Amino acid sequence: MLERIQEIRSKARECSSIIKAQVSVYVVSHIDADGLTSAGIICKALEREGIEHSIHFVKQLDEVEIESIANLNPELVIFTDLGSGMIDSLNSHGINAVIADHHQPRGELDYHLNPHLYGFNGSYELSGSGMTYILANALGDNKDLADLAIVGAVGDLQHLKKGHLTGLNRYILEEGAQAGVLSFEKDIMLFGKQTRPVFKLLQYASDPYLPGLTGNEDACIGFLHDLGMQFGGDERWRRWIDIEQMDKQKIVSALVQYCLRAGLPPYKIERLIGEVYLLTNEKEGTEMRDASEYSTLLNATARYGHADIGLAVCMGDRGEAYESAKKLLSEHRQNLVNGLMFVKKQGVTQLDNLQYFDAGSSILETIVGIIAGMSTSVIGNRNLPIIAFADAKDGVKVSARGTQDLIRRGLNLSEAMSMTAAEFDGAGGGHDIAAGATIPESAKEEFIMKLDAVIGKQLKK
Ligand code: C5P
Ligand code: C5P
Ligand code: C5P
Ligand code: ZN
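Residues numbered from 1 in each chain as written. Chains lettered and ligands numbered in written order. Predicted model: local features only at pLDDT ≥ 70, side-chain atom pairs only at ≥ 80, totals over all residues. Heavy atoms only, no water.

K.L.:
How should I be thinking about the overall build of the chain in this particular structure?
P.N.:
Looking only at helices and strands, the chain features 18 helices and 13 strands. Rg of the C-alpha trace for the chain: 22 Å, near the compact-globule value of 23 Å for 461 residues, within the 12% margin. A principal-axis box enclosing the C-alpha atoms of the chain has dimensions of 65 × 50 × 40 Å. The buried share of the chain, taken over its 461 residues, is 57%. Within the chain, counting contacts between residues at least 6 apart in sequence, those at least 24 apart form 65% of the total. Of the roughly 19,300 Å² of accessible surface on the chain, a fraction of 48% belongs to carbon and sulfur atoms. Taken together, the 45 basic and 62 acidic charged side chains of the chain have centroids lying 6 Å from each other. (Helix = DSSP H or I, 4+ residues; strand = E, 2+ residues; numbered from the N terminus. Rg over C-alpha atoms; globule rule 2.2 N^0.38 Å. Buried < 20%, exposed > 50% of the residue type's maximum accessible area, 1.4 Å probe, protein only. Contact = heavy atoms within 4.5 Å. Areas by Shrake-Rupley, 256 points an atom, 1.4 Å probe, with all protein chains shown as cover. Lys, Arg positive; Asp, Glu negative; His and termini not counted. Charge placed at Lys NZ, Arg CZ, Asp CG, Glu CD.)

Dropping the structure here:
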């Protein structure tokens, strides 16, 4: 592994020298947690080097976006958390580009940083922010930015594959721990340990879904009350970080017992515990202290057209931008809950090799993928990939999510989606386990049939 890391570092140094030769650069990044943290990392590094820069966020790097970037005639464009799938188009538009991405690559480019090119898996061994962190550390000493790199990886759920970060992510984690900006420990995996009362952790649990507790506030308060800990009256507002280690253990074992009695399979119960990542420079009790809460805060900005707010938080704003981000977060969480309820009510349609639902205009296209991913712990068949449609301005957005099990059996959603979308004049890509595409509205029915056949072929191999 060390040899491959050296190779990446050497390519990063090449990229850094052409960046340093510019007076100003144009940065283009993706509108999610990984894209925002990537942008935060590269902007900090450029700022420290005194290189002028401006930043632009896109939902998807498609032909239309590339055309408008080319029209600006930038000296050099640094693409972070996107670009690897669009190299041919960048070349044909004559765009002078450096790419730091982790999506499945297509095409040839000199200044291309991507874990897939060095034998690492970009869906769980390195994120866009991790790749950008390596580039940033070729530009200067930027090890303190490892915390943002880990937030991006956690935002892309890269830690879930093994229950902890592996590959190059682990390497960055250790560098960050040494630099004093990160720590990690085993803990309960439910969302909101820094900021939410314990009963809310249970109430909003979606992976695993806790039958009888998820969605039922009274039941969750009762569950804690029955443990004989101090959870009555005002004490019920205590957060996970407010309670003693012994009480935490008590809750975890009671939850495990509860899940066993409810008949949850062991692999789901195991997901209750995992490695969690803390940003040691951030204030306790804030979203930014916990990598998972931080990434959700960022998603809540960028996926609703407010990437500027999320970027400001990444750059250190703990005033106005942070306050706005918190407002957006509560709306985002409500949208996720509503989206899940919608899917539960409408149900999914099952074909031979996939299951799907059509959210129409009921779920925003920018979050339908998140909801699709969360929904499989609530409904449907865990043995099939889930596909979701949502109306979009430029056609229909399609999001696809798979499982580790299916990947092992040959599933590659990135290939399936890009291949099938291309047949209908659409475009798609992503990762083996999570991919997306945009297709024309009229193609929906035929698309899903074709995709079913393509995935069937992958699984038969
Ligand atoms: O652009 P992009 O890299 O952000 O998206 C990664 C997506 O893959 C995220 O939406 C993340 O939730 C999803 N993913 C997943 N399951 C995994 C790994 C990633 O759903 N095990
Ligand atoms: O885009 P991707 O599918 O990674 O998004 C998953 C997002 O959903 C993560 O940011 C994660 O923190 C968030 N999430 C949440 N509540 C849960 C589970 C996941 O907000 N119960
Ligand atoms: O939008 P969604 O969360 O479903 O995206 C899942 C993955 O597919 C992300 O990594 C995203 O960057 C990728 N994607 C893509 N082309 C699209 C849509 C999504 O490569 N047209
Ligand atoms: Zn990413």
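K.L.:
How should I be thinking about the nonpolar core in this particular structure?
P.N.:
Core analysis: the largest hydrophobic core is formed by 67 residues, its most contacted members being Ile19, Leu46, Leu135 and Tyr294. Counting residues per element, this core draws most heavily on helix α2 (residues 33–49), which supplies 8 residues. Ignoring anything within four residues of it in the chain, the contact list for Leu135 reads Ala12, Cys15, Ser16, Ile19, Ile42, Ile78, Val98, Ala100 and Leu113. (Core = buried A, V, L, I, M, F, W, Y, C linked by side-chain atoms within 4.5 Å.)

K.L.:
Help me out: how do you make sense of the site of ligand 1 in this one?
P.N.:
Surrounding ligand 1, one finds His30, Asp32, His102, His103, Asp156, Leu157, Arg401, His431, Ile433 and Ala434. Between ligand 1 and His30, the relevant distance is 3.5 Å, taken from an oxygen atom to a side-chain nitrogen or oxygen of the residue. The side chain of His102 places a nitrogen or oxygen atom 3.4 Å from an oxygen atom of ligand 1. Protein chains shield 84% of the accessible area of ligand 1, which is 460 Å² for the free molecule. Residues of the shell around ligand 1, tallied by class, amount to 3 nonpolar, 4 polar and 3 charged. Looking at which domains feed residues into the shell around ligand 1, each of domain 1 (2–161) and domain 2 (347–460) supplies at least three. (Near = heavy atom within 4 Å. Polar contact = N/O pair within 3.5 Å; in protein donor to acceptor, adjacent residues only side chain to side chain. Nonpolar A, V, L, I, M, F, W, Y, C, P; charged D, E, K, R; others polar. Domains from an automatic or database assignment.)

K.L.:
Is there a simple way to explain the packing of helix α13 (residues 307–314) against helix α14 (residues 320–346) in this structure?
P.N.:
Each pair of packed helices can be summarised by the angle the axes make with each other and by the distance between the axes. Following both chains from N to C, one finds α13 and α14 inclined at 125°, their axes separated by 9 Å at the closest point. For the element pair α13 / α14, the angle class is oblique. In the crossing of α13 with α14, the sense of the turn from one axis to the other is left-handed. Mapping the contact onto sequence places Ile309, Ala312 and Val313 in α13 and Ala321, Tyr322, Ser324, Ala325 and Leu328 in α14. Of the residues contributing to the contact of α13 with α14, the split by class is 7 nonpolar, 1 polar and no charged. (Axes fitted to C-alpha atoms, helices over the stretch in contact; angles between N-to-C directions. Parallel < 35°, antiparallel > 145°, perpendicular 65-115°, else oblique. Left-handed = near helix turned anticlockwise from the far one by under 90°.)

K.L.:
I keep staring at the side chain of Ser38 and nothing clicks. Help me out?
P.N.:
For Ser38, the position within the fold is in helix α2. A relative accessible area of 0% means that Ser38 is categorised as buried. Within the structure, the side chain of Ser38 is placed 3.1 Å from the backbone nitrogen of Ser129, a separation counted as a polar contact. Sequence-distant contacts of Ser38, that is, excluding residues within four places in its chain, are made with Ser29, Thr80, Asp81, Gly128, Ser129 and Thr132.

K.L.:
I keep staring at the site of ligand 2 and nothing clicks. Help me out?
P.N.:
If you check the shell around ligand 2, you find 15 residues, and the closest are Gly155, Thr296, Asn299, Arg303 and Arg333. In this structure, an oxygen atom belonging to ligand 2 sits 2.4 Å away from a side-chain N or O atom of Thr296. Protein contact buries 86% of the 470 Å² of open area that ligand 2 shows by itself. Elements represented by at least two residues in the shell around ligand 2 include exactly α12 (291–302), α14 and α15 (368–375). With 4 residues, the top contributor of residues to the shell around ligand 2 is α12. Split into classes, the residues belonging to the shell around ligand 2 amount to 6 nonpolar, 6 polar and 3 charged.

K.L.:
What is the right way to read the coordination of the zinc ion (ligand 4) from this model?
P.N.:
For a metal with four tetrahedral donors the ideal donor-metal-donor angle is 109.5 degrees, whereas six octahedral donors ideally subtend 90 or 180 degrees. Asp34 (OD), Asp81 (OD), His102 (NE2) and Asp156 (OD) make up the full set of protein donors to the zinc ion (ligand 4), lying at 2.1 to 2.3 Å. The coordination sphere of the zinc ion (ligand 4) comprises 4 donor atoms, whose angles at the metal cover 82 to 166°; the geometry is irregular. Sequence positions of the donors to the zinc ion (ligand 4) reduce to the motif D-x46-D-x20-H-x53-D. Of this pair, His102 sits in the loop between β4 (97–100) and β5 (112–113) while Asp156 sits in the loop between α6 (146–155) and α7 (167–178), and the two are 54 residues apart along the sequence. (Donors = N, O, S within 2.8 Å, 3.2 Å for Na, K, Ca; no water. Tetrahedral: all angles 85-135°; square planar, octahedral: opposite > 155°, others 65-115°.)

K.L.:
Just checking my understanding: could you explain the pattern of salt bridges for this structure?
P.N.:
Side chains that carry opposite charge are capable of pairing whenever their charged atoms lie near each other. Tallying each qualifying case throughout the model produces 16 salt bridges. Residue Asp32 is joined to Arg303 by a salt bridge in which the shortest nitrogen-to-oxygen separation is 3.8 Å. Here Asp32, found in the loop between β1 (24–30) and α2, pairs with Arg303, found in the loop between α12 and α13; they are 271 residues apart in sequence, far enough to count as distant. The pair formed by Asp32 and Arg303 is uniform in burial state, with each residue classed as buried. In this structure, the salt-bridge partner of Asp144 is Arg48, at a minimum N-O distance of 2.8 Å. Taken as a pair, Asp144 in the loop between α5 (128–139) and α6 and Arg48 in helix α2 lie far apart in primary sequence, 96 residues in all. Residue class for Arg48 comes out partly exposed when judged on its relative accessible area of 41%. Each of Arg170, Glu174 and Glu275 takes part in one network of salt bridges that share partners. (Salt bridge = Lys/Arg side-chain N within 4 Å of Asp/Glu carboxyl O.)

K.L.:
I'm lost on the domain arrangement of the chain in this one. Help?
P.N.:
Interface size, as often reported, equals the accessible area lost upon joining of the parts. You can read the domains of the chain as domain 1 (2–161) and domain 2 (347–460). Domain 1 and domain 2 are separated by 26 Å when their C-alpha centres are compared. Domain 1 puts 10 residues into the contact, and the matching count from domain 2 is 12 residues. Across the domain 1 to domain 2 interface the summed buried area is about 880 Å²; carbon plus sulfur atoms make up 42%. When the buried surface of domain 1 facing domain 2 is broken down by residue, Lys59, Gln104 and Ser123 rank first, second and third, together holding 50% of it. Between the two partners, domain 1 and domain 2, sit 1 salt bridge. Inspection of the region where domain 1 meets domain 2 yields 5 residue pairs in polar contact (both at pLDDT 80 or more). Class assignment for the residues of the side of domain 1 that touches domain 2 results in 1 nonpolar, 6 polar and 3 charged. (Buried area = accessible area lost by both parts, 1.4 Å probe.)

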